Amino acid sequence: MENIYRRNGLQTVINASGRMTKLGVSAISRGVGETLVEAAGNYVVIDDLLAFAGKKIGGMIGTEDACATSSASAGIALAVASLICGNDLQKVQHLFDILPHVKKREVILFKGHNVDFGAPLAEMIQLGGGTVVEAGYANGSKLEDISHAVNENTLAIFFVKSHHCVQKDMVDAKSVIELANRMGIPCIVDAAAEEDLSLYAGLGADFVCYSGAKAIEGPTSGFVACKTTELAANMRLQYKGIGRAMKVGKECTMGLVKAIEEYLAGEHKSVVTKADMEAFTEKMNGVKGCSARMIQDEAGREIYRCRLEFDPAEYGIDAKTLVKKLQEGDTAIFTRDYQANIGSIAIDPRPLNSLEELDAIYRRIKECGRG
């Protein structure tokens, strides 16, 4: 498995975990790669490029405008900061000087949505100048939890759509967006890994933050779908303030546009199919001490994975030990290990580059156990 990382002494990775930032997220297409090279090799007025990209992306997904960002998390910070500063350049350039005097900066967030996605979500809100106000409980929420938290200092209502969040007894995005609209409060949706690029904006969200490198399989980038051009322009103005520290380059901006075009045209298809995963599941059930079954994504997306549960007495080691063993050696295998502590891991087919990688996973798991 020779590649640029292996040639430079880094471990080869088989990614069966998902489109994870810690593993480089996605592998881009040839078309996106060619776009990156061409864009990187030429000059452009960046303000014009960002305005073009916003209108182009908005046109593709059905919004008035959008703001290209370096990541979905940067989009969160810039959206919050733009609500505080509006189109006032002085505020943009002196955000942290004015914050002690700004009362309207509370961002309401369900307690069950205040997650660590690799970094704390609350930090992204605070980076943009917001203060987090938790509503509801970790094991459930109601719309009233939000409405009772709203006051004259409320800046925005924030909703997170992610497998990281509590799923049990939680209010859905549609209801939260409708409530925000009725109350006249901006609604920000973190939909970083979501596959539908039009859904939440169509429901009325003011800002919808997406990763450009996850479902879309683009370069390291992101974008925020904005309800109006005014909101998008205020976000872009943040590049003269805190956005400077998280700017998106010309090549990634054009690569993002190309990736969205390919994605919406249906050009991104997993190499490993659901049928391949069903066959893999059947084989894994033949491994002593391993029980395998197909499962759907925790957040309800049309993503199907293979869950593997291990009986340490029969298999020989527990799931947490297996996770460590799979990550050792010249080629590391990363699985979806959120539930390894209770005896199971999952195999996500989407990032796999070939059926050979899926077979390598089977062999390694079989070798680590008792056969």
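Above: the structure in question.
Residues numbered from 1 in each chain as written. Predicted model: local features only at pLDDT ≥ 70, side-chain atom pairs only at ≥ 80, totals over all residues. Heavy atoms only, no water.

Engineer: Just to check I follow, could you spell out unusual backbone geometry for this structure?
Structural biologist: For residues besides glycine, phi is generally negative; the peptide bonds are generally trans as well. A positive phi is found at Val25, a non-glycine position, where the angle reads about 70°. Residue placement: Val25 occurs in the loop between strand S1 (12-16) and helix H2 (30-40). A positive phi angle, close to 60°, is found at Glu217, a residue other than glycine. On the secondary structure map, Glu217 appears in the loop between strand S7 (207-211) and strand S8 (222-226). On the basis of relative accessible area, Glu217 is assigned to the buried category, the value being 18%. (Helix = DSSP H or I, 4+ residues; strand = E, 2+ residues; numbered from the N terminus. Buried < 20%, exposed > 50% of the residue type's maximum accessible area, 1.4 Å probe, protein only.)

Engineer: Just to check I follow, could you spell out the packing of aromatic side chains for this structure?
Structural biologist: Both the distance between ring centres and the angle between the ring planes are used here to describe each pair of aromatic rings. For the structure shown, the criterion picks out two aromatic pairs. Centre to centre, the rings of Tyr210 and Phe223 are 5.0 Å apart; their planes meet at 20°, and the pair counts as stacked. Of the two residues, Tyr210 sits in strand S7 while Phe223 sits in strand S8, which places them 13 residues apart along the sequence. Residue classification places Tyr210 among the buried positions, given a relative accessible area of 1%. Phe223 gets classed as buried once you look at its relative accessible area, which sits at 0%. (Phe/Tyr/Trp six-rings, centres within 6.5 Å; stacked < 30°, edge-to-face > 60°.)

Engineer: So what exactly am I meant to see when it comes to the sheet that holds strand S3 (residues 106-110) here?
Structural biologist: Whenever strands of a sheet pair, they do so through backbone hydrogen bonds, lying parallel or antiparallel. With respect to topology, seven strands assemble into an open sheet ordered S2-S8-S7-S6-S5-S3-S4, the strand pairing being mixed. Edge strands, defined here as strands with exactly one partner in the open sheet, are strand S2 (65-69) and strand S4 (131-135). Averaged over all pairs of adjacent strands, the angle between strand axes in this sheet comes to 25°, irrespective of strand direction. On top of the sheet, helix H11 (residues 229-237) reaches S2, S7 and S8; it is set at about 20° to S2, its chief contact. (Pairing = 2+ DSSP bridges. Axes fitted to C-alpha atoms, helices over the stretch in contact; angles between N-to-C directions. Contact = heavy atoms within 4.5 Å.)

Engineer: Can you help me understand the pattern of salt bridges in this one?
Structural biologist: Once their charged atoms are close, side chains differing in charge can pair, the charge on each being opposite to the other. Going through the model one piece at a time under the given rule, you end up with 15 salt bridges. We note a salt bridge from Asp330 to Arg6, for which the minimum N-O separation is 3.8 Å. Taken together, the residues span a long stretch of sequence, with Asp330 in the loop between helix H15 (319-326) and strand S11 (331-335) and Arg6 in helix H1 (residues 4-7) at a distance of 324 residues. In this structure, Lys56 and Glu261 form a salt bridge, with 3.7 Å as the shortest nitrogen-oxygen distance. In this pair, Lys56 sits in helix H3 (residues 46-61) while Glu261 sits in helix H12 (residues 250-264), placing the two residues 205 residues apart along the sequence. (Salt bridge = Lys/Arg side-chain N within 4 Å of Asp/Glu carboxyl O.)

Engineer: Before we go on, may I ask you to explain the side chain of Arg305 in this structure?
Structural biologist: By secondary structure assignment, the location of Arg305 is in strand S10 (residues 304-310). The exposure class of Arg305 is buried, given its relative accessible area of 1%. A polar atom in the side chain of Arg305 sits 2.8 Å from the side chain of Asp348. Excluding residues that lie within four positions of it along the chain, Arg305 makes contacts with Arg293, Met294, Ile295, Asp297, Glu298, Arg336, Ile347, Asp348, Pro349 and Arg350. (Polar contact = N/O pair within 3.5 Å; in protein donor to acceptor, adjacent residues only side chain to side chain.)

Engineer: Explain the pairing of strand S12 (residues 344-347) to me, please; I cannot follow it from the model alone.
Structural biologist: As a general feature of sheets, a regular strand has side chains that alternate between the two faces. Because side chains alternate across S12, one face comprises the buried residues Ser344 and Ala346, and the other comprises Ile345 and Ile347, equally buried. By the bridge criterion, four bridges tie S10 to S12 in an arrangement that is antiparallel. Pairing of Cys306 across the sheet is with Ile347, part of S12.

Engineer: Would you take a moment to explain the environment of Gly343 for this structure?
Structural biologist: Topologically, Gly343 is positioned in the loop between S11 and S12. Along the sequence, Gly343 and Ala319 sit 24 residues apart, while their C-alpha atoms lie 5.1 Å from each other. Beyond its immediate stretch of four places on either side in the chain, Gly343 contacts Leu308, Glu309, Phe310 and Ala319.

Engineer: Could you clarify how one ought to interpret H12 in this entry?
Structural biologist: Each α-helix turn comprises 3.6 residues. Residues three or four places apart therefore point the same way. Taking 1.5 Å per residue, 15 residues should reach 21 Å; H12 reaches 21 Å between its end C-alpha atoms and fits that length. Along H12, the residues classified as buried are Lys250, Cys252, Thr253, Gly255, Leu256, Val257, Ala259, Ile260, Glu262 and Tyr263. Buried residues along H12 sit in contact with H2, H3, S2 and S8. Looking at the residues trailing H12, positive phi occurs at Gly266, about 80°. (Expected span 1.5 Å × (residues − 1).)

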